[in-house]
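# Examination of the molecular architecture
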Amino acid sequence: MKNVFGNHITMTVFGESHGASIGAVIDGLAPGLAVDTAYIEKLLSLRRPSGAISTARQEADEFVIESGVLEGKTTGTPLCIRIPNQDTRSKDYSETRWLARPSHADYTAYCKYHGHEDYRGGGHFSGRITAALVAVGGILMPALHKKGITIGTHIKKCAGILDADFSSEILQEIESLYDKKFAVLDDEAGMKMEEAICQAKSEGNSVGGILETAVIGLDAGLGEPMFDSVESMLSHALFSIPGIKGVEFGAGFAIAEMTGREANDSFYVEDGKVCTKTNHAGGINGGLTNGMPLVFRCAVRPTPTLGIPQETFHMKQGENAVLKSKGRHDPCIVHRARIVVDCVTAFTLCDIVTGRYGTDWLAR
């Protein structure tokens, strides 16, 4: 199984939803990066379930840093973060072991691993694994912030309800999102989204949405022109988050409906800084950052586990069947996924800037 990502900084993830623990090993980090455990805890709290709009599974996410940190600073050797699983109910999955849950990885995992995969709670395919990604982000996001690079994601759309757009005060808006469990710019729109999620839950159903991310403070010229372009690297990482089914940069697919005159971002210089009048390209030209805000959106699917019967088949017997799922599940994962997107973005950008400026740049 391929569980390693990165070129100059690498991350290996491990564990299963109902196993003893989950975690990650980061290699290639600069020595001397400050590790703030309270900040890591805060980010993990933004991923944890919250109220009626989330699963009833409650994990404390009490992480342990096994290696790579001494006296609050990275040592430069592999850093291992481990998060024990505590609130598991594996018996919820034993009765339906051989029933392929629609739109889950049960069937494809069975085909690949011949029935030896850990099926409990989705095993290694579970969204539970993303807690490790957030813990990694808790180390790397402050390092980027010290370099003037700020990352933020809001719920652009959920259950068909739209949030406000980022404005000219984008930096302040990004920073305000980290004080919100439900990351929206318009709190009234957020309340309507939460009501729609609760309605879907009452019907045994689920909803999805769109996350919009902005990154401020990136130098122009980061990235590569072909296979390791900024879009390529970020898309590779973002599609590794369970539930992400689409990624678009800048105007995205809407740019196909524009003329060249409409789509082009005209340059101008102000106070010695090169800017563009619009940002349809999302801060990227030719695979490289151009110094404008890096903007992209992720489509998040509705949670596939439902509280209503679904048609499926028995993987052992090869017969059609009906599945009535048990266990504890989210009616929506959009609000929990946003901090995962931030942290995966942080890791990918750290890998990119390290490739340009060297390993020690983040710690200087």
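The structure displayed is predicted, hence computed values, not measured ones.

### Examining the overall build of the protein
Regarding its fold elements, the protein presents 9 helices and 18 strands. The C-alpha atoms of the protein give 21 Å as radius of gyration, which agrees with the globular expectation for 364 residues (21 Å, within 12%). Counting only C-alpha atoms, the protein reaches 70 × 50 × 35 Å along its principal axes. Out of the 364 residues in the protein, the part that is buried amounts to 49%. Intrachain contacts of the protein at a sequence separation of at least 6 include 72% that bridge at least 24 residues. With the model as given, the accessible surface of the protein reaches about 16700 Å², and the carbon-plus-sulfur share is 52%. Here the protein carries 36 positive and 44 negative side-chain charges, and the mean point of each set is 5 Å from the other.

### So, the pattern of salt bridges
Throughout the structure, instances matching the rule amount to 12 salt bridges. Arg82 is paired through a salt bridge with Glu66; the nearest N and O atoms lie 2.7 Å apart. With Arg82 in strand 7 (residues 79-84) and Glu66 in strand 4 (residues 64-67), the pair connects residues that are 16 residues apart, well separated along the chain. Look at Arg82 and you get partly exposed, because its relative accessible area is 27%. A salt bridge links Asp118 to Arg120, with the shortest nitrogen-to-oxygen separation between them at 2.8 Å. Residue class for Asp118 comes out partly exposed when judged on its relative accessible area of 22%. Judged by its relative accessible area of 26%, Arg120 is partly exposed.

### A short note on the side chain of Thr348
With respect to the helices, strands and loops of the structure, Thr348 is situated in helix 9 (residues 334-357). Within the structure, the side chain of Thr348 is placed 2.8 Å from the backbone oxygen of Val344, a separation counted as a polar contact. Apart from residues no more than four positions distant in its own chain, Thr348 is found in contact with Phe5, Met233, Leu234 and Ala237.

### Some thoughts on the nonpolar core
Across soluble globular proteins, nonpolar side chains have a tendency to be buried as a group. Grouped together as the largest cluster of nonpolar side chains are 83 residues, with contacts concentrated most on Leu238, Leu294 and Leu362. With 13 residues, helix 9 is the single largest residue contributor to this core. Non-local contacts of Leu362, meaning those with residues more than four positions away in its chain, are made with Ile9, Leu33, Ala143, Leu144, Lys147, Cys350, Val353 and Thr354.

### Re the sheet that holds strand 7
The strands that make up a sheet are held in pairs by hydrogen bonds between backbone atoms, and each pair lies either parallel or antiparallel. Ordered in space as 1-2-3-7-4, the 5 strands form an open sheet in which the pairing is antiparallel. In this open sheet, the two strands that pair with only one neighbour each are strand 1 (4-5) and strand 4. By the bridge criterion, 3 bridges tie strand 4 to strand 7 in an arrangement that is antiparallel. When the sheet's bridge partners are listed, Val64 is paired in strand 7 with Arg82.

### With respect to the sheet that holds strand 9 (residues 161-162)
Pairing is antiparallel in the open sheet, where 5 strands are placed in the order 9-8-10-16-11. The sheet is open, and its two edges are formed by strand 9 and strand 11 (244-249), each paired on a single side. Sheet topology places strand 8 (residues 150-158) next to strand 9; 2 bridges connect them, and they run antiparallel. Bridge pairing in strand 9 places Cys158 opposite Ile161.

### Some words on unusual backbone geometry
The backbone of His114 sits at a positive phi, close to 60°, despite the residue not being glycine. If you trace the backbone, His114 turns up in the loop between helix 3 (106-113) and helix 4 (130-146). Phi at Ala159 takes a positive value of approximately 55°, unusual for a residue other than glycine. If you trace the backbone, Ala159 turns up in the loop between strand 8 and strand 9.

Parameters at a glance
- Residues numbered from 1 in each chain as written.
- Predicted model: local features only at pLDDT ≥ 70, side-chain atom pairs only at ≥ 80, totals over all residues.
- Heavy atoms only, no water.
- Helix = DSSP H or I, 4+ residues; strand = E, 2+ residues; numbered from the N terminus.
- Rg over C-alpha atoms; globule rule 2.2 N^0.38 Å.
- Buried < 20%, exposed > 50% of the residue type's maximum accessible area, 1.4 Å probe, protein only.
- Contact = heavy atoms within 4.5 Å.
- Areas by Shrake-Rupley, 256 points an atom, 1.4 Å probe, with all protein chains shown as cover.
- Lys, Arg positive; Asp, Glu negative; His and termini not counted.
- Charge placed at Lys NZ, Arg CZ, Asp CG, Glu CD.
- Salt bridge = Lys/Arg side-chain N within 4 Å of Asp/Glu carboxyl O.
- Polar contact = N/O pair within 3.5 Å; in protein donor to acceptor, adjacent residues only side chain to side chain.
- Core = buried A, V, L, I, M, F, W, Y, C linked by side-chain atoms within 4.5 Å.
- Pairing = 2+ DSSP bridges.

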